[in-house]
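Survey of secondary and tertiary structure
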Amino acid sequence: MQNAKDVAIAEEQADQFREAHARIKNEIRKVIVGQEAAIDAVLVALLVGGHVMLEGVPGLGKTMLVRALGEAVDIEFSRIQFTPDMMPADIQGTNVLVEGDGGVHDVKFQPGPLVSNLVLADEINRATPKTQSALLEAMQERQLSVGNRTIRLEEPFCVMATQNPVEQEGTYPLPEAQLDRFLFKVVLGYPEIEDYNAILDRTTGTEDRHASAVSNGPEIVTLRQTARAVPVPQHVQDHAIRLVVATQPNSIHATSMVNENVLLGSSPRGAQGLLLAGKIRAILDGRFAVSSDDVRANAHEVLRHRVMINFQGQADGVTPDGVIDSVLEHVQPAAS
Amino acid sequence: MSLRDDLSAIEQRGADVIRGRKVRATVARAVDEALGIVVVVASGLLLLRLLFNVETTIGIACGWSISLAALWIPIRAAGASFGSVRRNKALLEVDRQLELRDRMTTASEFLESDTQTPFMQAAIADATRHVHRGRTETLSAVAETWAMSQRGWALLVVGLVLLLVFTSFETTGSPELGVPTPSPITVAEGGDTVPEPTEPESRPPSDPEETTPVERTKPTGASSARPGQEQGPPTEEVKRSRGKTGSGRSAEAVSATGKGDARGTPSTQGQATKPAQDKAKKKKKKPSKKKPDTQDPDRKRKQEDESGATSGRGVSSGSNKSPAASEWASKDQVTSDEEEDLEDDEEVDDEFDESEARGGLQPHLRDRRPPVNRDLGIGFGNAKNPDANGRGGASEMKKSRGVASLVLGVPLPDHVKGRPNPGKTKVTQERVEPQPESTASADAAHRKPRATTTGHLTRPELLPWMRDLVRAYYEALRSKRNRP
């Protein structure tokens, strides 16, 4: 009896999750044409509390995608256009001298755009490492330390950064510590040919399309709790661990390709990302536990920015995605 | 029937599938191993026959090797079929084949768990809905098509060759490699012994006396002795004559009809046509004389790049310096005769060296070299400067120069075209660690007063009143001296 009740509760939560996910996704689709993988990735990141790095050439809708997400979910949205002369105080906030009543001067903290729910860090690699590092504490600890003040960031907090892979002049590659804090790195490709008509119709007419708010912050927090409640069987967890370890050179699961071409493998954050993303995928697929396929499905998005190719690999044209493909081929779930 | 029982039944099915696949894979491997056994056994028997004259026939060789090999495969298959399969692995196999997304494995794990969350119970309930598929649907045990490996084919060929060798021994007789066979001795009337000429070609191959190795190894026996020859131990004359005639040489070695004669008298037929063929070949080759040069410039350059030791390579245009020459020195600084020839020939030069086509040296874009370091700071390229102390210091060797290298990002060899042996610029850096100096410490307490002059002493700054006082003192002293 108790079992049946628990099962009913879990099924209800899963249904609510799927319904909310579909609601937000449909709203985003009103603005964004195609780019299904990118839409799924930003939604998964929002629903598990991760951050996303969107990489693509100009004009693919990276910024628009995040703006649409900010519109579809009624949460505080801020956009930071990163520039080389930007300072940490410009995004974190700083103490300013204000004149109070009776001409009394007082120092007051003026929060920066980072103090928000959904932060669009546009062209993040244009800022100096000093400014990029200002995001580190916020992304991992969900707090800011400015002077002697510590500011807790309100949940849901999500950083969605964009960067352009081709214009590398005057940019600063993100440090590894910061890259590792992103749950996903999504590479956007050109739209499909059949999507071009819809894109042109929507963007060249008089109608200005916007997404409506169909969700809010508290609902996102509830959905996060539901997602984290999805259990992970031990064999799936072992499989995720082996996938991550296999990206590390000279580890027991590393292939010869990894040993020869990889300088730095994934950290344990990679395994966390694999399981969290797998939970969302399982629940959206109508299941109540993560499977090995769920873990493997998001391996590229989770691991590609955590695998550093060494000099020999770069000279041979080896890419992180190629390494991940070889790891997926080598590490099979049935071998656990 | 409960879910546990269902899962046990499904596990059994999965285990059977895995075992079946394992047996197939083991048999495939065992075939290779069996072929190896054939080769090993046949080689052993062949060695026994060659070295120790052990009587082995094709029948023995085939019998032993094939029977051992045939026995090996079922032994291996039986060993594989009795192995145990873990529960998770068996259930995962069923999940994988029926695309159940780990539902059976997950349910099995969650059933064993002490605490079950609502989602775990939901997962178990979800697995219950799919359990009939695991029990009823057909599972495939064939994972891959069997194909003999390259090693297997190689072993098969070697085994067949060995068996053919045995067969040839059976038909042609023993190979006389290691055991010398003494030739039959004929005692002449005059006491001189001459070896009896043997005629292996004229002997019928089916002669049972000659095909039996035992008889061939005992040529002095009764069966091989000539009629009328004394039986028993050889006489003193016979022993002496064996020493003279070099007993122990093979029959073919002392044969009067040496095979080498046949080789030494070549036929004159067809010799007349050989120069004609050569001429034709030369005619054919002549138009494409420069083809190899034009086809392989990249390879030639690669060889030059790999080493400076290219002297004496014929048409190589590499460096004629010592092998210890550096990579830079071996590239373009030395011009050989061939290079000069090529430079004279405009057409060949264009084909040969595309890199010098337009306005000087162009970079080889296919060269996989590290991109040029654009760091304008003083340092050690991409590596950290070990001497970094904020004072700069000597920089690394300059690898490239010019706008092209900066724009294209490829290194250009630093050389001046047209000047023979322009030399090279080399900046050497030596890292010197500070070393402590071993000197005895001075004992200040026992130091004696200085015997020599103290050198220049700085004049102490005096206050104005003291200066006046000193001046007054010396003036008074001087006036006293000058006073008569």
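Residues numbered from 1 in each chain as written. Chains lettered and ligands numbered in written order. Predicted model: local features only at pLDDT ≥ 70, side-chain atom pairs only at ≥ 80, totals over all residues.

Attention now moves to the overall build of chain B. On a plain count of helices and strands, chain B comes out with 17 helices and 2 strands. Counting the 484 residues in chain B, one finds 16% classified as buried. Counting contacts in chain B only where the partners sit at least 6 residues apart, residues at least 24 apart contribute 64% of the total. (Helix = DSSP H or I, 4+ residues; strand = E, 2+ residues; numbered from the N terminus. Buried ≥ 20, exposed ≤ 12 C-beta atoms within 10 Å, placed from the backbone. Contact = placed C-beta atoms within 7 Å.)

This part takes up the overall build of chain A. Helix and strand counts for chain A stand at 16 helices and 13 strands. Looking at the 336 residues of chain A, the share that counts as buried comes to 45%. When contacts within chain A are restricted to residue pairs at least 6 apart in sequence, those whose partners lie at least 24 apart make up 76%.

Our next topic: the confidence of the model for chain A. In this model, chain A carries a mean pLDDT of 87, and residues with pLDDT of at least 70 account for 98%. The secondary structure element of chain A with the lowest average pLDDT is helix α8 (residues 193–204) of chain A, at 81, and the one with the highest is helix α12 (residues 268–284) of chain A, at 92. (pLDDT = per-residue confidence, 0-100.)

This paragraph deals with the packing of helix α2 (residues 36–48) of chain A against α12 of chain A. Residue and element names in this part refer to chain A. Packing of α2 against α12 brings their axes to within 10 Å, and their N-to-C directions diverge by 105°. Comparing the axis directions of α2 and α12 gives the class roughly perpendicular. Taken together, the residues of α12 that come into contact with α2 (itself represented by Val 44, Leu 47 and Val 48) are Leu 276, Ala 277 and Ile 280. Grouping the amino acids of the contact of α2 with α12 by side-chain chemistry returns 6 nonpolar, no polar and no charged. (Axes fitted to C-alpha atoms, helices over the stretch in contact; angles between N-to-C directions. Parallel < 35°, antiparallel > 145°, perpendicular 65-115°, else oblique. Nonpolar A, V, L, I, M, F, W, Y, C, P; charged D, E, K, R; others polar.)

Below, the discussion takes up the nonpolar core. Burial of nonpolar side chains together is a common tendency in soluble globular proteins. Residues Val 42, Ala 45, Val 52, Leu 69 and Met 160 of chain A together with Ala 123 of chain B are the most contacted members of the largest nonpolar core, which totals 111 residues. Other than its neighbours up to four places away in sequence, Ala 123 of chain B contacts Pro 231, Phe 288 and Ala 289 of chain A together with Thr 106, Ala 107 and Phe 110 of chain B. (Core = buried A, V, L, I, M, F, W, Y, C linked by C-beta atoms within 7 Å.)

Residue-level contacts link 21 residues of chain B with 23 residues of chain A. Secondary structure elements with two or more residues in the side of chain B that touches chain A: α3 (87–98), α4 (103–112) and α5 (118–136) of chain B. Broken down by element, the residue count for the side of chain B that touches chain A peaks at 8 residues, all from α5 of chain B. Classifying every residue of the side of chain B that touches chain A by side-chain character gives 8 nonpolar, 5 polar and 8 charged.

All names here are of chain A. Read across the sheet, 5 strands follow the order β3-β6-β9-β1-β10 without closing on themselves; strand pairing throughout is parallel. Each having just a single partner strand, β3 (77–81) and β10 (184–187) make up the two edges of the open sheet. Here the average twist between neighbouring strands, direction ignored, is 15°. Bridge count between strand β1 (residues 52–55) and strand β9 (residues 158–163): 4 bridges; the pairing is parallel. Bridge pairing links Leu 54 to Thr 162 in β9. Strand contacts of α2: β1, β9 and β10, with the helix running at about 165° to β10, the strand carrying the most contacts. (Pairing = 2+ DSSP bridges.)

With that settled, the discussion passes to the confidence of the model for chain B. All names here are of chain B. Looking at chain B, the pLDDT average stands at 63 and 44% of residues meet or exceed 70. In this model residues 174–296 is a low-confidence stretch, pLDDT under 50, and it forms 87 contacts with partners more than four residues away in sequence or in other chains. Long-range and interchain partners of residues 302–357, a stretch whose pLDDT sits below 50, account for 72 contacts in this model, where long-range means more than four residues apart. At the level of chain-chain contacts, confidence expressed as ipTM amounts to 0.81, with global pTM at 0.56.

This paragraph deals with unusual backbone geometry. A cis geometry characterises the amide bond from Glu 155 of chain A onward to Pro 156 of chain A, with omega recorded as -5°. Note that Pro 156 of chain A resides in the loop between β8 (149–152) and β9. Even without a glycine there, the phi angle at Arg 101 of chain B is positive, about 55°. By the secondary structure assignment, Arg 101 of chain B is in the loop between α3 and α4.

All names here are of chain A. Of the strand pairs in this sheet, strand β7 (residues 143–146) and β8 are connected by 4 bridges, and their pairing is antiparallel. Considered in β8, the bridge of Leu 144 is made with Ile 151. In this structure, the hairpin formed by β7 and β8 is closed by a connection of 2 residues, where Gly 147 is found at a positive phi of approximately 65°.

Here the focus is the pairing of strand β4 (residues 93–99) of chain A. Two elements, β4 of chain A and strand β5 (residues 105–111) of chain A, share 7 bridges in a ladder whose sense is antiparallel. Across the sheet, Glu 99 of chain A pairs through a bridge with His 105 of chain A, a residue of β5 of chain A.

Moving on, we get to helix α16 (residues 320–330) of chain A. Every buried residue of α16 of chain A is accounted for by Pro 320, Val 323, Ile 324 and Val 327 of chain A. Along the axis of α16 of chain A, the buried positions cluster into a sector of 100°, meaning they face one direction only. (Arc of directions from axis to C-beta.)

What follows deals with the packing of α2 of chain A against helix α9 (residues 217–228) of chain A. Residues and elements named next belong to chain A. Viewed as axis vectors pointing N to C, α2 and α9 meet at an angle of 90°, and their least axial separation amounts to 7 Å. Classed by the angle they form, the pair α2 and α9 counts as roughly perpendicular. Residues Leu 46, Leu 47 and Val 48 of α2 lie in contact with α9, whose contacting residues are Ile 220, Leu 223, Arg 224 and Ala 227. Within the contact of α2 with α9, the residues separate by chemical class into 6 nonpolar, no polar and 1 charged.

This paragraph deals with the environment of Val 27 of chain B. Residues and elements named next belong to chain B. Note that Val 27 resides in helix α1 (residues 3–52). You can call Val 27 partly exposed: it has 16 C-beta atoms within 10 Å. Put simply, Val 27 and Ile 75 are 48 residues apart on the chain and 9.5 Å apart in space, counted from C-alpha to C-alpha. Beyond its immediate sequence surroundings of up to four residues, Val 27 is in contact with Ile 73 and Ala 77.

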